[in-house]
Amino acid sequence: MERDFFAAVYDVVRLVPHGRVTSYGAIAKFLGSGRSARAVGYAMNASHGVTPAVPAHRVVNRNGVLSGKHHFGSENAMADRLRAEGISVVDDTVHHFRDVFWDPECLLQQPSP
DNA sequence: ATGCTGACGTCGC
DNA sequence: CGCGACGCCAGCA
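The structure presented is a predicted model; accordingly, all values stated were derived computationally and were not measured.

Scanning chain A for helices and strands turns up 6 helices and 4 strands. The C-alpha radius of gyration computed for chain A amounts to 13 Å, which stays within 12% of the reference 13 Å derived for 113 residues, consistent with globular compactness. By principal-axis analysis of the C-alpha atoms, chain A measures approximately 35 × 30 × 25 Å. For chain A, the proportion of contacts with a sequence separation of at least 24, taken over those separated by at least 6, is 66%. Carbon and sulfur atoms provide 48% of the accessible area of chain A, an area that totals close to 7000 Å². Distance from the positive charge centre (12 side chains) to the negative charge centre (11 side chains) of chain A: 4 Å.

The local shell around DNA strand C consists of Phe6, Arg35, Ser36, Arg38, Ala39 and Tyr42. Take the atoms of DNA strand C that sit within 4 Å of the protein: sugar and phosphate atoms are 37% of them. One of the side-chain nitrogen or oxygen atoms of arginine 38 is found 2.7 Å away from a base oxygen of DNA strand C. With 3 residues, helix H3 (residues 37–45) is the largest single contributor of residues to the surface near DNA strand C. Here the residues of the surface near DNA strand C are counted per class, giving 3 nonpolar, 1 polar and 2 charged.

Quick notes on the rules
Residues numbered from 1 in each chain as written. Chains lettered and ligands numbered in written order. Predicted model: local features only at pLDDT ≥ 70, side-chain atom pairs only at ≥ 80, totals over all residues. Heavy atoms only, no water. Helix = DSSP H or I, 4+ residues; strand = E, 2+ residues; numbered from the N terminus. Rg over C-alpha atoms; globule rule 2.2 N^0.38 Å. Contact = heavy atoms within 4.5 Å. Areas by Shrake-Rupley, 256 points an atom, 1.4 Å probe, with all protein chains shown as cover. Lys, Arg positive; Asp, Glu negative; His and termini not counted. Charge placed at Lys NZ, Arg CZ, Asp CG, Glu CD. Near = heavy atom within 4 Å. Polar contact = N/O pair within 3.5 Å; in protein donor to acceptor, adjacent residues only side chain to side chain. Nonpolar A, V, L, I, M, F, W, Y, C, P; charged D, E, K, R; others polar.

Here it is in C-alpha cells:
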C-alpha cells in the first residue's frame with residue numbers, strides 16, 4: 001500500500017483507460033475510505049507537474065460534472081480533452097457518464113492475464 | 001503553532 | 001425530500 005495517499009490517488013487515476021472517466025468518491029472508496037473523496041480532490045490539485053503525468057481530466061465528481069475544470073489553465077481545457085477521447089461533454093457535464101464511468105474496483109474483478 | 005481553505009461524498013435530521 | 005454537518009489530507013497565512 002502506498003503510504004502516500006496522494007501517490008495512491010495518482011496511481012489509480014493513471015490506470016483510468018483512455019476514453020473513460022472516474023469519480024473522486026470511487027477512487028476514495030477504492031483506497032479504503034469512502035469518505036476521503038475530498039482528499040482525492042486535494043491530491044489532484046497537487047497533481048500538477050507530477051510525473052508520470054496524471055490524467056486528472058478523467059476525474060470528475062459523482063454527478064459527472066467537471067468540478068475541477070477551473071484548474072486546467074483554460075476553462076475548456078478539461079472538457080476539450082475529454083471530447084478528444086470521445087467523451088461527450090456539455091455544460092461542463094459528462095453525458096452518458098454512467099456509460100463511460102470506470103470504477104477502479106474493476107481491477108479487482110479483472111483477473112490479470 | 002493554529003486555523004482556514006479547497007477538484008467531494010456520505011450520513012443524519 | 002431538502003439542508004446541514006462531518007470526515008478526509010495538504011498547503012498556506
